[in-house]
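Read off the chains here:
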Amino acid sequence: MFKYGARLYRRFRDLSVVGRCRSSSLSSAPERALQYSIGQKIHGFTVTEVTSVPDLFLTAVKLEHDATGAKYLHAARDDANNLFSVQLRTTPMDSTGVPHILEHTVLCGSERFPCRDPFFKMLNRSLSTFMNAFTASDYTMYPFSTQNPKDFQNLLSVYLDAVFFPCLREQDFWQEGWRLENADTQDPSSPLVFKGVVFNEMKGAFSNNEQLYAQHLQNLLLPDHTYAHVSGGEPLAITDLTWQQLKEFHQTHYHPSNARFFTYGDLPLEQHLQQIEEEALSRFQKIQPDTAVPAQSPWNTPREASVCCGPDAMAPDPAKQHTLTVSYLLGDITDVFESFVLNLLSSLMVTGPNSPFYRTLVEPGIGSDFSSLVGYDGSTRNASFSVGLQGISVDDADRVKRIIDETVDDIIVKGFEEERIEALLHRIEIQMKHQSSSFGLALASYIASSWNHDGDPVELLRISQNVERFRQEVSNNPAFLQDKVRHYFKDNTHKLTLSMSPDEGYVSKLADAESVKLAQKVEQLSEEDRKEIHQKGLELLSMQTAVQDASCLPALQVSDIQPTIKPTHLEMGTAGGVPVQYCEQPTNGMVYFRAFSHLNTLPEDLKPYVPLFCSVITKMGCGDMDYKQQSQQMELRTGGMSISPQILPDHTHMDTYEQGILLTSSCLERNVEEMFHLWSDIFNSPHFDDIERFRVLVMSSAQELANGISYSGHVMAMTHAARTLSPAAELQETFHGMEQVKFMKQMAETPDLPSVLRKLARIRRHLLNPDNIRCAVNAAPDKMAAVAVQTERFMGNVAGTRKQRKSVRPHLIQRPLDPSADPSSSSATRTLISEPHFQACQMKTHYQLPFPVNFASECVRTVPFTHPDYASLCVLSRLMSSKFLHGEIRERGGAYGGGARMGGGGLYSFYSYRDPNSTATLAAFRKGVDWAREGTFTQQDIDESKLSVFSQVDAPVAPSDKGLSVFLSGLSDSMKQEHRERLFAVTHTQLVDAAGRYLGVGQSVCASAILGPENAELSKDPSWIRK
């Protein structure tokens, strides 16, 4: 997976502690780790530092491998979700994508595990909570996490062997990187074309204008060394990479002397060290890898550049698609405190409506939003800061540049309000206390960039120390931040102004360039070369279709899965007549509040406006506060306040669902009263009178939706395909699909925003109505009583907005909130919509978009959650994905990804991601069904699929989210346990029967959707609707 550094880098504010513990009769994991001493020898490693990090409730142990010099950091924490990662500094000096293709290829088989694609096979042989690999701008990381100790050892063996002893077969290079091959592999007379997974992945990546812009900016701002190149691979440059060059890059970069190992969690460190030494490091001696990245030489004068991109058909304003950003080179990211200060400074300058650049750039409506790269980026050796606008007119470019310079001058003169600084420091405190279910992964990503350049990872973790030093610096010098702005922005000559403009011929020019490159390669081929290419294509196809013996791979057994779930204790109560679910959890000083309000009284014509209402209602001002004051108070008193649309399918009936909005917020225990006061003002007196503020929010939301299509095209395709199959899916498309993207484009273009605001005010009377609401609170046991008092007070404060309204739907169903609870102890209910006359229908839609790749989906209407066959369909989706569709869509088809999934709403969805094919992929979906109906899979295949399903079912849940499935969907522990037992009991016969009964042609209603480029085949087919 190719990750842009700015997106992979995790700032300190993303760190959230976690509290899932494995009990020990001896002591806690951090206490045990404190027993290590500096200089202690452990399995070929020497301890170099042992540090308690109370901020994050862990002990950090640094080690170095004696023979190779490999660096090692262990974070001992009482968390059962243990993580391992190894990262290599990978610094390419061209854009052939060699580190990215190598990342893919090392996972295709290794010395101890020579079967094809052990990485993907292990997804079905483990209970991992995370497995992946990332290629950043200057390093490659291989992380996994799991809650099972045996599974950890299994995965560690596979990862170590893959990274250090891969097979690197030529056929794997052809499959994952690139190859010349006949369009029809079987037909030697068919034209030669470029194929390859990474080749197609990067074509898809650069179809996204945000990613394209980010790559250009990095290449131009840091031109002296590796950052001048595309580590993921520029598509046409990829076709210059040779297999020999790939192997040489592995030899020089994938060595322990160039590696950094990281482990996290409550498993014993000694066990990790012993396994790593015995299975990998004992076979190496120290080398001096030439991979260091020198600091970028600063420029004497600023520079300007311009690039082109494809037009955006969904842009809020088609006439304004220009982007302009000014970027500044900053200091070395290994200077931890300076990076901390610059990160804070960046947030003060660009985050939220009170920031100076938001006021001067976004609020005037010059563009649709900040440019895609805005703020601090610490993913490269030298950090950078960028600010600018997207969605501007070309004529406004000089104006934007002038405003940026003037804003910098203004900051130097005026500085920042103390309250804004305190709000940011409060946010850091919140993030240190908030408990995450994937803290290990966040930690690995957070330290990766600095550690990659020999920064001190432990110093990065001492967050409170940096906060205190920052406070002292500001106290000693009130102009401390202004001085930084003057130094890094006003007086900085290493400054790049980058503009990007759409070119109507951009996509065709890319296609022409690919055709020219292809022709050049084909012209050099002799007849013998062509025959060899055809033969190699047949050999690759034979390898891809051959039955693989995966017995060499370690695997858990179904018997290793816990037979029962651990119940979550919930208490039901009321506050002001509103049902409240209380869940006592070790929340580490935090309180989490949620409220669900149904939409049953909302007129149908207002429904498309619900997502917009949710997006803006907490950002328009309320009570005595304008939107800036409201934002400031939210930052000072809460961990965030948001509202989102919800469509919750029923567990028992396909045409029954609950519709509503979810209010979410969190705060420190000391700020509960203030948090509820903010909610009270939003309920009682939200502001709907600031047209210009509303215009800014509408443009920003429309731009964000348009930008997101190429990131989540497979989700958009599944959502659009499903819309005709169930009432819940139809509303899902309205709220979250392409229909919402089109709707928001219309909102951005409408001149009559006052009428839209009047509609939102009407929506508020229906949705912020206590008569339609239920609440949930998660807090520490000793604080729950006090929180309950504040919840009661809150409901009393908003009682004036309560009003009984008649439902607009005739068929309503009342369900208990917790089906397993004693009816005499709770009257809490959910009100669901039933549509007994809904008629599912088949529909095929092609959304033509300026992408060089496709996102394809086919959805099938099946059965709801409680149906006996639902468990079989869940296992079948994983079985088909891993045993058939992966080979068809990714290995042979060249798509970046594809598979099948069973949704909670009873819809079985096939999908592909960044796919060079369209109708061929739809045919592959059908072939997958035929394969399943034939039943040629084994019991081992079934067991592996069950493991894959359970890895999702048993994924760790943070204390803040405990009880949420009951609160939202009425999914009780007893229902989960029943589903669990059905999963265990799924048989071969049931899987074959389910495939035939629900997925066979004519057995169920199905629908298809393709998002992608112009398609002559679909244009000729009258059964396809084109949009």
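Parameters and conventions
Residues numbered from 1 in each chain as written. Predicted model: local features only at pLDDT ≥ 70, side-chain atom pairs only at ≥ 80, totals over all residues. Heavy atoms only, no water. Helix = DSSP H or I, 4+ residues; strand = E, 2+ residues; numbered from the N terminus. Rg over C-alpha atoms; globule rule 2.2 N^0.38 Å. Buried < 20%, exposed > 50% of the residue type's maximum accessible area, 1.4 Å probe, protein only. Contact = heavy atoms within 4.5 Å. Areas by Shrake-Rupley, 256 points an atom, 1.4 Å probe, with all protein chains shown as cover. Lys, Arg positive; Asp, Glu negative; His and termini not counted. Charge placed at Lys NZ, Arg CZ, Asp CG, Glu CD. Salt bridge = Lys/Arg side-chain N within 4 Å of Asp/Glu carboxyl O. Expected span 1.5 Å × (residues − 1). Arc of directions from axis to C-beta. Polar contact = N/O pair within 3.5 Å; in protein donor to acceptor, adjacent residues only side chain to side chain. Axes fitted to C-alpha atoms, helices over the stretch in contact; angles between N-to-C directions. Left-handed = near helix turned anticlockwise from the far one by under 90°. Nonpolar A, V, L, I, M, F, W, Y, C, P; charged D, E, K, R; others polar. Pairing = 2+ DSSP bridges.

This brings us to the overall build of the protein. Assigned secondary structure in the protein consists of 37 helices and 31 strands. Whereas a compact globule of 1027 residues would reach a radius of gyration of roughly 31 Å, the protein reaches 28 Å, a difference of no more than 12%. Once the C-alpha set of the protein is aligned to its principal axes, its extents read approximately 85 × 75 × 70 Å. Across the 1027 residues in the protein, those meeting the buried criterion constitute 62%. Sequence separation of at least 24 residues holds for 81% of the intrachain contacts in the protein that already meet a minimum separation of 6. Surface exposure of the protein reaches about 37400 Å², of which carbon and sulfur atoms provide 49%. Mean positive and mean negative side-chain charge positions of the protein (97 and 121 charges, respectively) differ by 3 Å.

This paragraph deals with the pattern of salt bridges. In total, this model carries 58 salt bridges according to the counting rule given. In this structure, Asp-398 engages Lys-401 in a salt bridge whose closest nitrogen and oxygen atoms are separated by 3.3 Å. Here Asp-398 and its partner Lys-401 are both found in helix H14 (residues 397-414), three residues apart, which amounts to about one turn of the helix. Linking Glu-604 and Arg-809 is a salt bridge whose minimum nitrogen-to-oxygen distance equals 3.0 Å. In this pair, Glu-604 sits in the loop between strand E20 (590-598) and helix H22 (610-616) while Arg-809 sits in the loop between helix H30 (784-797) and strand E24 (812-816), placing the two residues 205 residues apart along the sequence. Classification of Arg-809 by relative accessible area gives buried; the value is 19%. Overlapping salt bridges bring together Glu-49, Lys-62, Asp-456 and Arg-462 as one network.

What follows is about the side chain of Asn-671. Mapped onto the fold, Asn-671 is located in the loop between strand E22 (656-668) and helix H24 (672-684). Judged by its relative accessible area of 4%, Asn-671 is buried. What Asn-671 contacts, discounting residues up to four positions off in sequence, is His-426, Leu-636 and Arg-637.

A few words on helix H20 (residues 506-523). Under the 1.5 Å per step criterion, the end-to-end length of H20 is 26 Å for 18 residues, consistent within 8% with the ideal 26 Å. Every buried residue of H20 is accounted for by Tyr-506, Glu-514, Lys-517, Leu-518, Lys-521 and Val-522. One face of H20 carries all of its buried residues, which in axial projection span an arc of 155°.

Expressed as a C-alpha distance, the spacing of Lys-401 and Tyr-847, which sit 446 residues apart in the sequence, is 37 Å. Every residue in contact with Lys-401, bar those within four places of it in the chain, is listed here: Glu-304, Leu-324 and Thr-497. For Lys-401, the side chain forms a polar contact with the side chain of Glu-304, separated by 3.4 Å.

With that settled, the discussion passes to the packing of helix H25 (residues 691-708) against helix H28 (residues 738-749). As a packed pair, H25 and H28 sit with axes 9 Å apart at the nearest point and diverge in direction by 145°. Crossing handedness for the pair H25 and H28: left-handed. Residues Val-698, Met-699, Ser-701, Ala-702, Leu-705 and Ala-706 of H25 form the contact with H28, whose participating residues are Gln-740, Val-741, Met-744, Met-747 and Ala-748. Tallied by class, residues from the contact of H25 with H28 come to nine nonpolar, two polar and no charged.

This part is about the pairing of strand E8 (residues 139-146). Burial analysis of E8 places eight of its eight residues in the buried class, which makes it a mostly covered element. Of the two faces of E8, the one holding Tyr-139, Met-141, Pro-143 and Ser-145 and the one holding Thr-140, Tyr-142, Phe-144 and Thr-146 are both buried throughout. Alignment of strand E5 (residues 82-89) against E8, held across eight bridges, turns out to be antiparallel. Note that in E8 the partner of Phe-84 across the bridge is Phe-144. Where strand E6 (residues 128-131) meets E8, three bridges bridge the pair, whose relative direction is antiparallel. Note that in E8 the partner of Ser-128 across the bridge is Thr-146. The pairing of strand E7 (residues 134-135) with E8 spans two bridges and is antiparallel. Residue pairing across strands places Thr-135 opposite Thr-140, the latter belonging to E8. Taking the residues that link successive antiparallel strands as the turn, the E7-E8 hairpin has three residues.

Read across the sheet, six strands follow the order E28-E29-E27-E30-E26-E31 without closing on themselves; strand pairing throughout is mixed. Because the sheet does not close on itself, it has two edges, and the strands there are strand E28 (897-902) and strand E31 (1024-1026). Each strand of the sheet is rotated relative to its neighbour by a mean of 15°, with strand direction disregarded. Of the strand pairs in this sheet, strand E27 (residues 855-861) and strand E29 (residues 907-913) are connected by five bridges, and their pairing is antiparallel. Paired with Cys-859 across the two strands is Ser-909, which belongs to E29. Its contacts with the sheet put helix H31 (residues 870-892) on E28 and E29, and the angle it makes with E28 is roughly 170°. Sheet strands touched by helix H32 (residues 919-934): E27, E29, strand E30 (1006-1012) and E31. Its angle to E27, the strand with the most contacts, is close to 40°.

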